[in-house]
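Fold and geometry: a report
Chain by chain, the residues run as shown.
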Amino acid sequence: MGAGVPLRRAGSLPASPGTPSHPSNLPIPRLSRMELRAGDSWGIFTFLCAALCNLPALPALNCTEELGAGQSIQKTYDLTRYLEHQLRTLAGTYLNYLGPPFNEPDFNPPRLARAERVPSATVDLDLWRGLTDNARLAANYRAYSRLLCYLRALDGQAGTAELRHRLGHFCSSLQGLVLSIAGVMSSLGYPLPAGPAGPPAPPGTPVAPNDFLKKMDDFWLLKELQTWLWRSAKDFNRLKKKVPPAVVTLRLEARGF
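First, a word on scope: everything that follows refers to the structure included in this document. Quantities reported herein were computed from a predicted structural model and do not represent experimental measurements. (Residues numbered from 1 in each chain as written. Predicted model: local features only at pLDDT ≥ 70, side-chain atom pairs only at ≥ 80, totals over all residues. Heavy atoms only, no water.)

**Side note on the nonpolar core**
Ranked by size, the top nonpolar core spans 48 residues in total, and within it Tyr144, Leu151 and Phe170 carry the most contacts. Only α2 (69-98), α4 (133-157), α5 (161-187) and α6 (211-240) provide two or more residues apiece to this core. Setting aside anything within four residues of it in sequence, one finds Phe170 in contact with Leu83, Gln86, Leu87, Leu90, Leu151, Leu225 and Leu229. (Core = buried A, V, L, I, M, F, W, Y, C linked by side-chain atoms within 4.5 Å. Buried < 20%, exposed > 50% of the residue type's maximum accessible area, 1.4 Å probe, protein only. Helix = DSSP H or I, 4+ residues; strand = E, 2+ residues; numbered from the N terminus. Contact = heavy atoms within 4.5 Å.)

And the structure:
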């Protein structure tokens, strides 16, 4: 390091030219070890501030944010809650489109055999919680992938422009949830499931024989989707408490030095 700059006592005046800074009979004050450390720390702090201020001009110094599993889970949880809110509005509009008795609050029909093609969320809660995180994430991924296919079919059959718009917007959000779940699984080191949830509908499956059964299929699709989103929000809320949050790191690369 270069020569140190002499420290002045507070309130003292500078010595005139040719006059010694200290009387000959007094020892010259020396910096203590603590003062040396403080000076070094201040110099390091000054250097870091200068480096950070010149980040745009230094391509070799990169500030990168590691999007860890914790942040990915939080974003997936937020999206699930948003879809819950969005589905309440969509379901009200669609059930009114179907008409009575489907839009009546106490309407609770039995699940027909035709509705078994839709992934069911009616699993025993203790059994569901006993699954591993990987198994629950895989079940969510498969279920939403199939539910999205059925919702897109509804979008093509909707009778009003407003309903088609709402369904299209919801399908886009649900597609984002599928991709977000895939990101969570990837960040945790889990492979994506290979097949769909449940047996796929065979090609050329006939449509409902009458209008009432067709509306019943649509009703159960929305009901199961509502249950899946409710349970998924609880799953991601518990999962995010197990995973530490993301960190921001400063990486210095040795390019150009």
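So, next bit.
**Quick look at the side chain of Arg136**
Relative to the elements of secondary structure, Arg136 occurs in helix α4. Take Arg136: its relative accessible area is 10%, and that puts it in the buried class. Beyond its immediate sequence surroundings of up to four residues, Arg136 is in contact with Trp128, Arg129, Leu131, Asp235 and Lys242.

**With respect to the environment of Tyr77**
In this fold, Tyr77 is placed in helix α2. Along the primary structure Tyr77 and Ser232 are separated by 155 residues, whereas in three dimensions their C-alpha atoms are 8.0 Å apart.

**Some thoughts on the pattern of salt bridges**
With the rule as written, the count across this model stands at seven salt bridges. Put simply, Asp218 and Lys214 hold a salt bridge, and the shortest N to O gap is 2.7 Å. Here Asp218 and its partner Lys214 are both found in helix α6, four residues apart, which amounts to about one turn of the helix. Taking the relative accessible area as the measure of exposure, Asp218 reaches 6% and is therefore buried. Given the relative accessible area of 23%, Lys214 is considered partly exposed. Note that Arg238 and Asp235 form a salt bridge whose closest N and O atoms lie 2.9 Å from each other. Taken together, the positions of Arg238 and Asp235, both in helix α6 and three residues apart, correspond to about one turn of that helix. The class of Arg238 is partly exposed, set by a relative accessible area of 30%. Linked by salt bridges that have partners in common, Asp133, Arg136 and Lys242 make up one network. (Salt bridge = Lys/Arg side-chain N within 4 Å of Asp/Glu carboxyl O.)

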